[in-house]
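Geometric and topological summary
Listed below, chain by chain, are the residues.
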Amino acid sequence: MSVSSRRRRRHSSGRRTQEERRSHTQARLLEATMECLVDLGWSGTSTTEVARRAGVSRGAQQHHYPTKMVLVAAALEHLLEAQRLAYETAFAVLPAERRDVAGALDLLWEVFRGRPAKALMELAVAARTDEELRPLCLDLNERILQVILETFERLFPANTLSHDYTDTMLRTVFAMFVGLSIQNALDDDASGHQAAVLGQVKDIARVIVPEPAGTATAPAAAPEAGPEPQAPAPDTEPRAPAASGARGA
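Quick look at the structure, then.

So, how was this worked out
- Residues numbered from 1 in each chain as written.
- Predicted model: local features only at pLDDT ≥ 70, side-chain atom pairs only at ≥ 80, totals over all residues.
- Heavy atoms only, no water.
- Phe/Tyr/Trp six-rings, centres within 6.5 Å; stacked < 30°, edge-to-face > 60°.
- Helix = DSSP H or I, 4+ residues; strand = E, 2+ residues; numbered from the N terminus.
- Buried < 20%, exposed > 50% of the residue type's maximum accessible area, 1.4 Å probe, protein only.
- Salt bridge = Lys/Arg side-chain N within 4 Å of Asp/Glu carboxyl O.

Our focus in this paragraph is the packing of aromatic side chains. In the structure shown here, the tally under the stated rule is five aromatic pairs. With a centroid separation of 6.0 Å and an interplanar angle of 65°, the aromatic rings of Phe91 and Phe156 are classed as edge-to-face. On the criterion of sequence distance, the pair formed by Phe91 in helix H4 (residues 68–92) and Phe156 in the loop between helix H8 (140–155) and helix H9 (163–187) is long-range, its members being 65 residues apart. For the pair Phe91 and Phe156, one class covers both residues: buried. With a centroid separation of 5.3 Å and 90° between ring planes, the pair formed by Phe112 and Phe177 is classed as edge-to-face. In this pair, Phe112 is assigned in helix H5 (residues 101–113) and Phe177 in helix H9, connecting sequence segments 65 residues apart. Taken together, Trp109, Phe112, Phe174 and Phe177 form an aromatic cluster joined through their ring pairs.

Here is the structure:
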């Protein structure tokens, strides 16, 4: 091997390591942003606190995400995609008898109760009065609904519902879950009312969408033992599509 070839090889190897470090640092910052939004709210979230929780210097934080708004925008994108992938993976490894619309709704409810969904909801609520944040969250509901719709069609490819009917049905489910999740955040369903509502919704859904998702395509990198159907990095709460309540569905 020539000297120039060895140099190119060392340079290439070093670049890959640098990219890995970059991705790792960014992931820590985005995760810390989510934790701040849940624990401290929008007003209590600062780049200084995010950097502290992520264990990185302020300089490193500013290098990757120069402002709070840039950081939050990246965190929002990260949460939506991570939850979508986690939801599909969790659904794919459900027992065959639960891989139906009732099982899908159970997982979706876990997503709405998870910390990433709470972070998105915090952004949606704060955007009502924050002029700088509002443009970032203006289409948040529509983006979440699009993820839910695409996931539904992927998990239930043989359903015969019209697109318009499916769209309205999922908007109804989304709006209801947003309301239930707000109640749940306050009382953790101490009286069981939210569970009762979810039970009735599943009964109705079985009639409307009786087709099991047996032919659904699992994510390419689905693990052998599936993750808990919980939202990304909560206490122990599931990950998946996200939901929030910026504007009405």
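There's plenty left to go through after this.
Going through the model one piece at a time under the given rule, you end up with 16 salt bridges. Here Glu49 and Arg52 are joined by a salt bridge, their closest N and O atoms 2.7 Å apart. Remark: Arg52 and Glu49 occur in helix H2 (residues 47–54); sequence separation between them is three residues, near one turn of the helix. Residue Arg52 is classed as exposed on the basis of its relative accessible area, which comes to 57%. Between Arg113 and Glu110 there is a salt bridge whose closest N-O contact spans 3.1 Å. Note that Arg113 and Glu110 are positioned in helix H5 at a spacing of three residues, about one turn of the helix. Residue Arg113 is classed as partly exposed on the basis of its relative accessible area of 25%. Note on Glu110: relative accessible area 23%, which makes it partly exposed. Several salt bridges share partner residues, and in doing so they unite Glu35, Asp39, Glu49, Arg52, Arg53 and Arg115 into one network.

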